[in-house]
Amino acid sequence: MAKKLTKRSWAEPFKIKMVEPIKMTTREQRVKAAKEAGYNTFLLKSEDVYIDLLTDSGTNAMSDRQWAGMMLGDEAYAGSRNFYYLWDNVKKYYGMPYLVPTHQGRAAEHMISKILIKQGDYVPGNMYFTTTRLHQELAGATFIDVIIDEAHNPISEHPFKGNIDLKKLDKLINEVGAKKIAYVCMAGPVNMAGGQPFSMANLKEVYEYCKSHKIKLWFDATRATENAYFIKEREKGYADKSIEQILKEICSYFEGLWVSAKKDLMVNIGGILATRNKKVYEEARNMVVIYEGLHTYGGLAGRDMEAMAIGMEEMVQYDNIKARIGQVEYCGRQLEKYGVPFVRPIGGHAIFLDAKRILAHLPQSQFPAQTLAAEIYVDSGVRGMERGVVSSGRDPVTGDHRYPKLELVRLTFPRRVYTQAHIDVTVESVAEVFENRKKIKGLEMVYEPKYLRFFQARFAKI
Ligand code: PLI
């Protein structure tokens, strides 16, 4: 008897119009490439990579509309038409009246940290992000992690692990005083926690609490539409709201935000600093001319701003986000079949393999996640990245390694780039490495740069 259909499949809301060949290498070539790269996947040449899951940043496939928009670049030094289109869309989708464009997210982080932070201030946030925290520290602040404990536990199934723990925030404010809080920084979904969202209920509580202490909230909105998607899927009262409506509501609680346009907006370069505070805007508009370029291009070409403006219209389309997060989920469900441990629940932009549990025989001082990322590359040419002790860096006061509870390898999915077959190949490789995990030896660091060491550090096999 024919099998009864119990569930209908979904598929991506687009088809492929242009392709870019990728190259399969031999194991011998990859062993050599990994060694030459100091076992750091950031130092591999892209032509030696088969399936590139290093990041979803700037690696997305633009749509035909975005590419057509690139031809409409108004490359005037001042007052480009594309800037005004982008500005209109920042008002429309993020609800912020003022925009300063930047060449990428960290340029906006740099300026906002310089503007809002005084030496000796504190910035509480829902877990650190590498570039964000560094700019806060360089501006003179101490970052304090006030995310809920569940976020540091890879097996917790909490649906909103990006939530802020109000008790932690309250404790900090009682200790240092509200005047010492430059702002509260919220990202959603939280990258380093495994792409985990915050809930609208939590955001509202944090907002009310901060309001009562005259503290402003700033938003890292880099992947905000994914957070909006999780709110729609998981939070009571939002199922019938559109991504656009949810995004607008999220942003309404913040004084301002920054975006790495290389993610949600599906472009290859670009950033945004947007705010409702006119004074902050005036300062940023003045500062941008020092570091980026005139305030109507901020280090970007007119064509880049056009692609960003169009990307913003596409990022709020429900089917696009569903297909994107659905791909990550598909990967997770396949890995489950092999018993590979990864951060639960499955997050927004990536699968985060739990290197602490996979390579349980390696102490964290031997960089299990760095080791695992290198092993997966050698096995198949699939490139992921370390998100553990190397990414965490050193404590600026003691100079010691910061040993995070989460020691992860991130397999990140660029938007609209890979097919289900690419995911199957990736899963088989991870499963193979997992099967042979006991034979894997750790790494030692032989070169360590001062800032954001994960990008350029080199390692050798122990
Ligand atoms: O890479 P930028 O400078 O455009 O953006 C910095 C940045 C800020 N916030 C968040 C949450 C990020 O994820 C982020 C960059 N992320 C990278 C490069 C990533 O691979 O996740």
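Procedures and definitions
Residues numbered from 1 in each chain as written. Predicted model: local features only at pLDDT ≥ 70, side-chain atom pairs only at ≥ 80, totals over all residues. Heavy atoms only, no water. Helix = DSSP H or I, 4+ residues; strand = E, 2+ residues; numbered from the N terminus. Rg over C-alpha atoms; globule rule 2.2 N^0.38 Å. Buried < 20%, exposed > 50% of the residue type's maximum accessible area, 1.4 Å probe, protein only. Contact = heavy atoms within 4.5 Å. Salt bridge = Lys/Arg side-chain N within 4 Å of Asp/Glu carboxyl O. Phe/Tyr/Trp six-rings, centres within 6.5 Å; stacked < 30°, edge-to-face > 60°. Lys NZ or Arg CZ within 6 Å of the ring centre and 35° of its normal. Core = buried A, V, L, I, M, F, W, Y, C linked by side-chain atoms within 4.5 Å. Polar contact = N/O pair within 3.5 Å; in protein donor to acceptor, adjacent residues only side chain to side chain. Near = heavy atom within 4 Å. Nonpolar A, V, L, I, M, F, W, Y, C, P; charged D, E, K, R; others polar. Lys, Arg positive; Asp, Glu negative; His and termini not counted. Axes fitted to C-alpha atoms, helices over the stretch in contact; angles between N-to-C directions. Left-handed = near helix turned anticlockwise from the far one by under 90°. Patch = residues over 30% accessible without salt bridge, like charges linked within 9 Å, V, L, I, M, F, W, Y side chains within 5 Å. Areas by Shrake-Rupley, 256 points an atom, 1.4 Å probe, with all protein chains shown as cover. Pairing = 2+ DSSP bridges.

### Here's the deal with the overall build of the protein
Part 1 of the argument: Secondary structure assignment for the protein yields 16 helices and 14 strands.
Part 2 of the argument: Over its C-alpha trace the protein gives a radius of gyration of 22 Å, about what one expects of a compact globule, namely 23 Å for 462 residues.
Part 3 of the argument: Expressed along its principal axes, the backbone C-alpha trace of the protein runs to roughly 60 × 55 × 50 Å.
Part 4 of the argument: Burial status across the protein gives 59% buried among its 462 residues.
Part 5 of the argument: Across the protein, every contact between residues at least 6 apart in sequence was considered, and the portion connecting residues at least 24 apart equals 72%.

### Details of the pattern of salt bridges
Part 1 of the argument: Applying the stated criterion across every chain yields a total of 28 salt bridges.
Part 2 of the argument: Counted as one network, the salt bridges with shared partners bring together Asp 56, Arg 223, Glu 226, Arg 324 and Arg 415.

### Regarding the packing of aromatic side chains
Part 1 of the argument: Evaluation of the coordinates by the stated rule reveals 14 aromatic pairs.
Part 2 of the argument: Their ring planes at 75° and their centres at 5.1 Å tell us that Tyr 77 and Tyr 297 sit as a pair that is edge-to-face. Placement of Tyr 77 in the loop between α2 (64–70) and α3 (81–94) and of Tyr 297 in the loop between α10 (278–291) and α11 (302–315) is noted, with a sequence separation of 220 residues between them.
Part 3 of the argument: A residue is classified by how much of its surface remains accessible, and Tyr 297, at 17% relative accessible area, is buried.
Part 4 of the argument: The residue whose ring lies beneath Arg 133 is Tyr 128, and the NZ or CZ to ring-centre distance is 3.9 Å.

### What about the nonpolar core?
Part 1 of the argument: Residues Tyr 94, Ile 250, Leu 257, Leu 265 and Ile 272 are the most contacted members of the largest nonpolar core, which totals 83 residues.
Part 2 of the argument: The residues touching Ile 272, leaving out its near neighbours within four places in the chain, are Val 90, Leu 99, Val 100, Thr 102, Ala 108, Leu 257, Trp 258, Val 259, Leu 265, Met 308 and Met 312.
Part 3 of the argument: The next biggest cluster of nonpolar side chains, apart from the first, holds 30 residues, and it includes Val 382, Leu 411, Tyr 418 and Val 430.

### Things to note about the side chain of Thr 102
Part 1 of the argument: Within the secondary structure, Thr 102 sits in strand β2 (residues 98–102).
Part 2 of the argument: Polar contacts involving the side chain of Thr 102 include one to the main-chain carbonyl oxygen of Gln 104, which spans 3.0 Å.
Part 3 of the argument: Beyond its immediate sequence surroundings of up to four residues, Thr 102 is in contact with Ala 107, Ala 108, Met 111, Gly 270, Gly 271, Ile 272, Glu 292, Gly 298 and Leu 300.

### As for the site of the ligand
Part 1 of the argument: Around the ligand there are 17 residues in total, and Thr 55, Arg 106, Asp 220, Ser 260 and Arg 410 lie nearest to it.
Part 2 of the argument: One of the side-chain nitrogen or oxygen atoms of Arg 223 is found 3.0 Å away from an oxygen atom of the ligand.
Part 3 of the argument: Here Ser 260 contributes a side-chain N or O atom positioned 2.6 Å from an oxygen atom of the ligand.
Part 4 of the argument: Considering each element in turn, the shell around the ligand owes the most residues, three residues, to helix α4 (residues 105–116).
Part 5 of the argument: Partitioned by chemical class, the residues of the shell around the ligand number two nonpolar, eight polar and seven charged.

### Some words on the side chain of Glu 235
Part 1 of the argument: Take Glu 235: it is sitting in the loop between α8 (224–234) and α9 (243–252).
Part 2 of the argument: Buried within the structure, Glu 235 lacks any salt-bridge partner; its nearest side chain of opposite charge belongs to Lys 204, at an N-O separation of 6.5 Å.
Part 3 of the argument: When sequence neighbours within four positions are dropped, the list of residues in contact with Glu 235 reads Phe 160, Ser 199, Met 200, Ala 201 and Phe 230.

### Describing the packing of helix α14 (residues 368–380) against helix α16 (residues 420–435)
Part 1 of the argument: Closest axis-to-axis distance for the α14/α16 pair is 9 Å, and the angle between their directions is 115°. Relative to α16, α14 is oriented so that their crossing is right-handed. Two secondary-structure elements touch here, α14 through Leu 372, Glu 375, Ile 376, Asp 379 and Ser 380 and α16 through Ser 429, Val 430, Glu 432 and Val 433.

### Observations regarding a nonpolar patch on the surface
Part 1 of the argument: A grouping of Val 289, Ile 290 and Tyr 291 is seen on the molecular surface, where their side chains present a nonpolar patch of about 290 Å² in accessible area.
Part 2 of the argument: By secondary structure assignment, the location of Tyr 291 is in helix α10.
Part 3 of the argument: Taking relative accessible area as the criterion, Tyr 291 reaches 37% and is therefore assigned partly exposed.

### What about the sheet that holds strand β11 (residues 385–387)?
Sheets are built from strands that pair by backbone hydrogen bonding, the pairs being arranged parallel or antiparallel.
Part 1 of the argument: The three strands lie next to each other as β9-β12-β11, forming an open sheet whose pairing is antiparallel. Edge positions in the sheet fall to β9 (350–354) and β11, since each has one partner strand and no second. Ignoring strand direction, the axes of neighbouring strands in this sheet form an average angle of 35°.
Part 2 of the argument: Relative to strand β12 (residues 408–412), β11 runs antiparallel, the two sharing three bridges. By the bridge assignment for β12, Met 385 is matched with Arg 410.
Part 3 of the argument: Its contacts with the sheet place α14 against β9, β11 and β12, and it is angled at close to 40° to β12.

### So, the environment of Arg 410
Part 1 of the argument: Mapped onto the elements of the fold, Arg 410 is located in strand β12.
Part 2 of the argument: Between the C-alpha atom of Arg 410 and that of Arg 133, which follows or precedes it by 277 residues, the distance is 19 Å.
Part 3 of the argument: Setting aside residues up to four positions removed in sequence, Arg 410 forms contacts with Leu 53, Leu 54, Thr 55, Asn 191, Arg 223, His 349, Ala 350, Ile 351, Phe 352, Gly 384, Met 385 and Arg 387.
Part 4 of the argument: At a separation of 2.8 Å, a polar atom in the side chain of Arg 410 contacts the side chain of Thr 412.

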